[in-house]
Every structure is written in C-alpha cells, then in structure tokens.
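# Close look at the chain arrangement
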Amino acid sequence: MTHAAPLAKQGSRNLGLERRLAQALEGEVRFDAFTRGRYATDASIYQIIPQGIAFPKSETDIAAALQIAAEHGVPVIARGGGTSQNGQPIGDALILDMSRHFNAIRDYDPASRTVSVAPGIVLEQLNSHVKKDGLFFPVEPSTASRCTIGGMAGNNSSGARSLRYGKMVDNVIALRAQFHDGEAFALGENPVGDNASVRTRDLMTRMLSLADGHRDEIERIFPKVQRRVGGYNLDELLPARPNLSHLLVGSEGTLAITTEATLRLSPLPTHRVMGVCHFPDFRAAMETTQHIVALGPVAVELVDNNVLVLGADIPLFVRTLADITRGQPNCLLLVEFAGDDLAALKYDLKRLDQCMADHGFADAVVEVVEPARQKPVWEVREACLNIMMSMKGDGKPVSFIEDCAVPLEHLADYTDAVTELFTRHGTRGTWYAHASVGCLHVRPILNMKDEAGVKAMRGIAEAACDLVRQFKGSYSGEHGDGISRSEFVEPMFGGPLTRAFEAVKDGFDPENRLNPGKIVRPLKMDDRSLMRFPPGYATPIPAATALDWSDWGGLGGAVEMCNNNGTCRKLSGGTMCPSYRATRDETHLTRGRANSLRLAISGQLGPDAFTSPEMKETLDLCVSCKGCKRDCPTGVDMARMKIEFLHHYHQRHGLPLKERLIAWLPRYAPYAAKLAPLMNLRDRIPALAKLSERWLGFSARRSLPVWRKPWVQAGNPATPGDVKGDGRDIVLFGDTFNRYYERENMEAAERVLAAGGYRIHKVEPADGGRPLCCGRTFLSAGLVDEARIEAKRTLDALSPYIAGGARIVGLEPSCLLTFRDEFGAILPKEQVEPAASAAFLLEELLAADIKAGTTTLPLKDQAGRVAHLHGHCHQKAFAAMGAVEATLRAIPGLDVKPIESSCCGMSGAFGYGADTMDVSLAMAELSLLPAVRKAGAQDLVVADGTSCRHQIHDGAGREALHVARVLDMALEG
C-alpha cells in the first residue's frame, strides 16, 4: 500500500508570500510543514493543507494579509478555535488564526446589555467577564470552552438553549468586517449611512433588491424551523427595517472577514433546575419531546444509549452518570427550566413528572436541583460527541448529516426513517443533542479509510436530504454547510435561490478569494483527496513500537483517537492542556501534537519526520501531566505517546547528558546521598548554578532538590508468609524522591499507617541491591527497556505479598500510579493486573477504609484551620482527588479548600530546564501560585507531588505538605 502524499508534494512552500507577510504583519507568520499540517484539519473528516498561517494582532494586520494574499493569488480563510464539524476553516489558502491575539473585549455596556468584541475571543472568556454583572451571552454551543465568537457568527451557532434564546443571528447587533481586498465596512440595525463607502451602499442596495426579488421563493422554500443555517440569510433582509449584518452571520467567512462583533447580552437566570427523563426506547423519547416542549423549558437535550454505555467506561463521567440514572434506561432527555423563582421552577419539575406519567412513564424523572450536581450533567451532555468518538477502531461516528432539523411533530418518524436508512447501508447511528428544536446530531458509524465507507456516506447523505425535504425540515440545522453539506444547498433550496446565493457571494467577493468552495460552487463532499484519510493512507512508522498499543490496533489507532474537537483548547477547569494555556500556541496543544504525530507516522511530513527535531519541538512542552488521559473524552494519552516518541528519537539522536542524569537518578541516588554535602553545593555557590545551566541545562534560577540522609524502613525484611490476608497488610513503597529528598514524608506515613492499625511489611529486592523503583524517570526519557527492568524487578519482589492479600501503598502519585498505567504497556497484562489492583496512594487506602469502617485514625480537632489543597495532575487523571479530599476532611475541624488549578508546571524535570523554566512558571502563575499567595499565614498548603511542592516553594515561598505529614501532625499524642 502506498502512503498518503507528503506535504511537500501537496503544495510547495510559498516563500514569496511568506516573506511579504513577515515584513508587513506585526503578528507572527508560519509556513513550515508541521504548522501547516496542524492547521489542515478541523473537527470534520477533511484535511486540506494550507499555504501558510498568519496570526494577526490588529485590523491593519488583517488588511495587509488580505492585500498581499490577493497579490499572490492565494485565498484567505479566517479561523477561530478550529472546532467546526464540516471543514469550514480549512483549505488551500492563507489561514488567519484570529484566536491567538485578536481576542479583546472592545466595548462593554452592562446597562444596555451590549458588548463589542474582537472575533477571536472564546465564548467562555466573554461570559466569565460579564457574569459579574449578572449577564451572559446566551448562545451556548457545547464547545463554549474553546469556540470563538467569530466562528460562532460564521456558522450561525445556537446551542442547547436556543429554544428560548435563538441562534447567533438573533443576538448579533452589528458587525465590522473587511472585504476581500482589506477595505473596512460596518453593518448593523440601521440602514447604511452616508458615512459608508459608495461600495458598501451600492452593495447593500443590490442585496436588498436581490432578496426582495426572491421574496416569494424565500417565503415558500426556506424551512419553517428555527434551526435553519444553510445557504445565505436572504430572509433576514425581508423585514421593513432589516439588520444588514445578519446577512454575514452564517456566511462561514465566504463574504468578508469579521473584525468586530457587537452582541446583545441576556440576564443570567437566578436559578436553573433539571429533570432527567428516562425512556425505555428511543422512539418513545422522540414522541414525547413535543409534549415536554409544551411545558416551556429552556432546553430539552437527548443523551442516547451510546453515550450511556461508552460514558460508563470513561472515568470523567462514571460518577455523574451513576448519579442521574436509575436502572438501565435506553436514553435520557435532559430538561432544564430557568428563571428567578425557585419555587416555580420546582413546580415545573412536578409538571414534567406528571407529563411523563401521562404518557406512560411514571416515576421516570430524576430531579437535579442543586447547581453543583447540574454542572457535571451538562459536562456529560457537552461531551456527547467526544464520548461517541471514543469508539476504538477504524469505524467512527461520522459527521455529515448530523444536524438536520425537522418539525417536532415529525421527529419520531424522521428518526425511524434515518435509522432504517442506516440499516440499509449496514451500519447504525449515534444520536444526541437538541431534541427541543428537532435538531438531533446523528452520526452513522463508518470507516472513512475505506472506499466502501465513503460510498455509503454519499448514499446516506443523498437519502437523508430527500427525507429532510419530505418532512419539511432543514438539512443544515446548526453547524453550517462547509464541505460536508454545501453540495446539498441546491437540492434543498432549488436553482433560483442557489443562483441568488451565488449572486450574494459574487457581490461581496467577486474574485472568490474568501474561503472558496463553501456554500456556493462547492467542493465534493466525498472527494477522498480532501479527507484526513486519503487513498493510500497508512501508519507504518515506527515499524516496531516500544510500548503495547494493541488496545488501539497500534500506535496509529491511538493517535487517530484525536477527533480535533478541541476540548484541549479550554482555558480553565480541569488540567489539560497546561502548555497551551501558557502559550496559546497550537503547537503546544494535545490536538496539535496528535495531528503532527498522525501526519508523521503516515509519511505525510517526509520519511524521517517522526524522529525529527521538529517533532521533538512539537512535544517538548508536553509536561506528561496526563490531563488529556482524563479530560479528553476520547482518551488521547499524549504522555504515553511522548514516551514512545522519545524512545525512537533518542535511539536516533542519542541521549543528552541532562536527560541521562534525570533518567538514571534511581540508580545513582544511593551513592549521591552519601555525598550529600558535596551534591548540595550547587545551590550554595552561585557560580556552580550558572555552570550547571551552561553545561547541563538546569536553570540557574531554579533550586535543585536537597540530598538528604535517605529513608530506611525500620524492622527486619518480611517474608510472604507474614501476610495474614485480613486487609491490614501493607507494603509501603518508597519512591526515589521521597526516599532521598523528603524522608519525613515516608516517616509520617509509617506513623499514620501504624496508628490506623496496619501491619507494614518491609520488602526488599531479591538481589538485596538498590531499592525498588517504578521506572518513571526512565520512561520520562523514553528509555523503555530500562524502565521494563525496574518494573519487572519491582513486581518480582512484590507479587508474592500481593498474592497473599497485601496492598501496595505509595506517596508520590507519578510513581505509584505507574503500577496502574505504564506497567501494563511494558509488561504482559496478566503479570501487571494483580499489582495494578493492589496499588493505592496513601489517601486512597485511608479514604476507602475509613468509609468502609475498617479503620479509624485518632485525630485531634484542628479548630477551623484551613488547608488549601493542590492536586497532582496524575491524581486528577486517575480520579484520586476525591480520596485526598475525603482523607483531609476526616481530620476534625480542618477546613479543606481545593485550589482550582491546572498543572503546577514543574512536571518532574520539566521545570528545572533553562529552556522550559519560563513556561513552567507561566503554568504555575495561571492559578496555582496566585491562590497560594492568598492563603493565610497560618493556613496549610497541601500538595502530594514532589514537583508541586518544589514549585510552590520556589514560586510562592511557602512550604507545601504531603497529606501524610498533615495527618501525622493531627495524630493524637
């Protein structure tokens, strides 16, 4: 099988355009193959390599980019978050990434409830800014944490609450924009004034005349459903006093480049309540939707059986789904009521319960009134797409008919017909989203690497278009036309209106320079040369992997789990992606890294790209936090992929001395500890710190861990026969960091476990040599073979005790959790599984046993003392934060306050590097260090990670404590 064509063969680097743009723009310009590859995709099935990327900082930059691109005959595409489902922001063009710099709030008037913003601002950031005044922008797509206002205006977005608040077009007051040649203009609620250019006045006069001339066709053919975003909004020009900017809304950047949007804000409801309606089958839910809508809810959202089944295996959602489901429903409808009278809203829930009972579903509503419970439910709903995309293998739910909208009275019949259509094509579909407005996101499961899958897509698309016309619906209901649906504009609207749409395009953009091939004169939706998996696509690189990727069908399958939906671009909440939050650079983003890896291992970046310096640069700022393992609903584990990459990279290029020192730390630590006074001189003599930076790459601005007399466990070595198997047997796993740098943590853990009545067994390696090790430092350098030696040596020593019923307890999250994670990728699973099940962090053990009533700790009342808790990234990734909170709350009188923080920025050795020090501190300054600085002088700061404590010490001048020490301090006596 041949490989997909390398980028170099898909369009050579346009050096002339690159030079001109670099000279003229204040913002950065990038034309290298890796960057172009990262911008070749959105969240659709398509991939088109752009000519280059520009990051404008001003309207002047945008105008210059348009003019220079025109001189070179290159089209221009404006891009926001790159989360579109249909290929809107991709093409053989110059891409303007508006999100990087062009994202300010320009003018905000709470009294008039209006705000003007640059198009690159993320919706969630805007809403965070206006929330303090009791306002919000009510168009809320599920991608609110990363989608931009410009992209929302381009697609005429809507979201879950459109039943009350409408679409983007209903909430835009005015737009400033630039024509294809950089000339600025403005459109809004008022007619074009005398201060507008002759060009603008003449153009809008022609547009009004065009709409009026097609009034009959518009009124007869435009779908009479709220969710209609196909074609151009000529219907918005028919009222006596039209808002002329509404013609640009939904135009997908094909008419002009938006430079400012003025929006109408809405009051935030004081209260929201939710009823989770359970249904035994899908049709019953569809039939009942129209009756639920009659009750006046704000939203009615579908969660189908695929989400319930797949979500039950995703750690991020297990607890939430268990909270809101009773029994085993086939699907759910999430019904939200909102307003200022909580009693009235609770009555609405009783009406909902009665409505369900009237239609044969008694006791089928779970009420969710508390805001803290509602938030994770909406997070599940917002992640429905990604949950369904977590299916492993080549068959994936594919977006191309996903948001057709039909009148509610036809919804059940339409969904039945589409389900039967899928059956005829030998597949099934996934459903979710906006039942309230008859716009269900449906995706058939197809293999887009196969010609048969592409042919099935075409057949399903054409038949679905016929069904939508039959049911008098809209083929594009929310996510726009793009490449997937532009071909179906003419079948839906007919020839005369399609010619009118072409006249709109030609009036604004006569030279077809803005996002060509979308809405009118479309690209072919089934042209495989435009797809992410073109003919000949394969992932044979590397020929042999160091880690086991069999669960994904190989490394390629694991990389392809990234569907480009961009959850990793969120700027708050959760952990991922900390490097992107610090740099706002697509290079340093889980999605950007996954795209680069996919292009490299499929040969599209050249034969040696996988182990190239460019790929190393792409992964350099990945701090292996494993935030993506938990926060990414499709489970993209970039930390594990980085291990694989580094294994091959260092095989080709060798291992630098700095990485060698870090990797081999557990091997030389026993000797270094004996030379502690000498080893610690580096931070006492400034000249030595500067030399270590010059020779080794350790930043002179960063202190190094202090070598100490190591922890040595008391007592005689145990034997497996000492294990009684009654749940009280413990092997305390001493990691390298706590053993040699912070032995007080190990000593505290011993005292706490003893106070809890546990028997602590001293286990040593069979060879009597150096202490047991998890191999984490070797993995961080890609030295998988060395890590495998350590893992096997450790398991050989511990397995007899585990077999007898002992549990392995550790303090350092990154080390202990290796038992549950990487061990399974470097050793046979049957050898690892018993240890993975028996390995617990100290707080996990105590929280579970305290809850079960099998242990108690004699703890003193702390009389209201505050403990600010920062979670280690691996604790978050493996859902261990609940355990550490529960353990701390077991201390009487201790007020536990979790710090809402992402990665601390240290991440093992990352924060020590001279080349990564600034990014490390930038990550910490996003939330962690400011929160620590606000802590009271007598407050405790708690952090279980060695690196986290070091960052807090260096960055905030505070000593952070491991939970073991906090418990030890609270012990009676």
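Just above sits the structure.
Throughout, residues of each chain are indexed from 1 in the direction in which the sequence is written. In keeping with the model being predicted, local features are shown solely for residues with a pLDDT of at least 70 and side-chain atom pairs are shown and tallied solely at 80 or more, while totals for entire chains, interfaces and linings include all residues. Each side-chain value is derived from all of the structure's non-hydrogen atoms; neither hydrogens nor water enter the calculation.

## Here's the deal with the packing of helix α15 (residues 411-424) against helix α16 (residues 451-470)
Contact geometry of α15 with α16 gives a least axis separation of 11 Å together with a crossing angle of 160 degrees. In terms of axis orientation, α15 runs roughly antiparallel to α16. Two packed elements cross with a definite hand, and for α15 against α16 that hand is right-handed. Of the residues in α16, those touching α15 at Tyr414, Ala417, Val418, Leu421, Phe422 and Arg424 are Ile460, Ala463, Ala464, Leu467 and Val468. Geometry is summarised by axes, namely lines fitted to C-alpha atoms with helices restricted to the contacting stretch, and by angles between N-to-C directions that run from 0 to 180 degrees. Only runs of H or I of at least four residues qualify as helices and only runs of E of at least two qualify as strands under DSSP, and these elements are numbered from the N terminus. Should an angle lie under 35 degrees it is considered roughly parallel, over 145 roughly antiparallel, and from 65 to 115 roughly perpendicular; all remaining angles are considered oblique. Left-handed describes a crossing whose near helix is turned anticlockwise from the far helix through less than a right angle; right-handed describes the clockwise counterpart. Whether two residues touch is decided by their heavy atoms; if any such pair falls within 4.5 Å, the residues are in contact.

## Some remarks on a nonpolar patch on the surface
Patch building starts from residues that exceed 30% relative accessible area and form no salt bridge, then joins like charges within 9 Å and nonpolar side chains (Val, Leu, Ile, Met, Phe, Trp, Tyr) within 5 Å. Values of accessible area rely on a 1.4 Å probe in the Shrake-Rupley scheme; residue burial ignores everything except the protein chains shown. One side-chain nitrogen of Lys or Arg within 4 Å of one carboxyl oxygen of Asp or Glu is enough to make a salt bridge. A surface patch of nonpolar side chains, amounting to about 280 Å² of accessible area, comprises Leu675, Leu678 and Met679. Here Leu675 is to be found in the loop between α26 (665-674) and α27 (676-679).

## Quick look at the pairing of strand β25 (residues 940-943)
Working definition: with a 1.4 Å probe on protein chains only, accessible area under 20% of the residue-type maximum means buried, over 50% means exposed, and in between means partly exposed. Taking every second residue as pointing to the same face, both faces of β25 are buried, with Leu940 and Val942 on one and Val941 and Ala943 on the other. For two strands to count as paired, DSSP must find a minimum of two bridges between them. For strand β23 (residues 866-870) and β25, the ladder comprises four bridges, and the chain directions are parallel. Of the residues in β25, the one forming a bridge with His868 is Val941.

## Overview of the side chain of Ser596
Inspection of the secondary structure puts Ser596 in helix α21 (residues 590-601). What makes Ser596 buried here is its relative accessible area of 1%.

## Here we look at unusual backbone geometry
A cis amide bond links Ile541 to the next residue, Pro542, at an omega of -5 degrees. Inspection of the secondary structure puts Pro542 in the loop between α18 (489-508) and α19 (555-559). Of the consecutive residues Met576 and Cys577, the connecting peptide bond is found in the cis state with omega at -5 degrees. Checked against the element boundaries, Cys577 lands in the loop between α19 and α20 (578-583). If you check the backbone angles, Asn564 has positive phi at about 70 degrees while not being a glycine. By the secondary structure assignment, Asn564 is in the loop between α19 and α20. Note on Asn564: relative accessible area 1%, which makes it buried. A positive phi angle, close to 55 degrees, is found at Ala879, a residue other than glycine.

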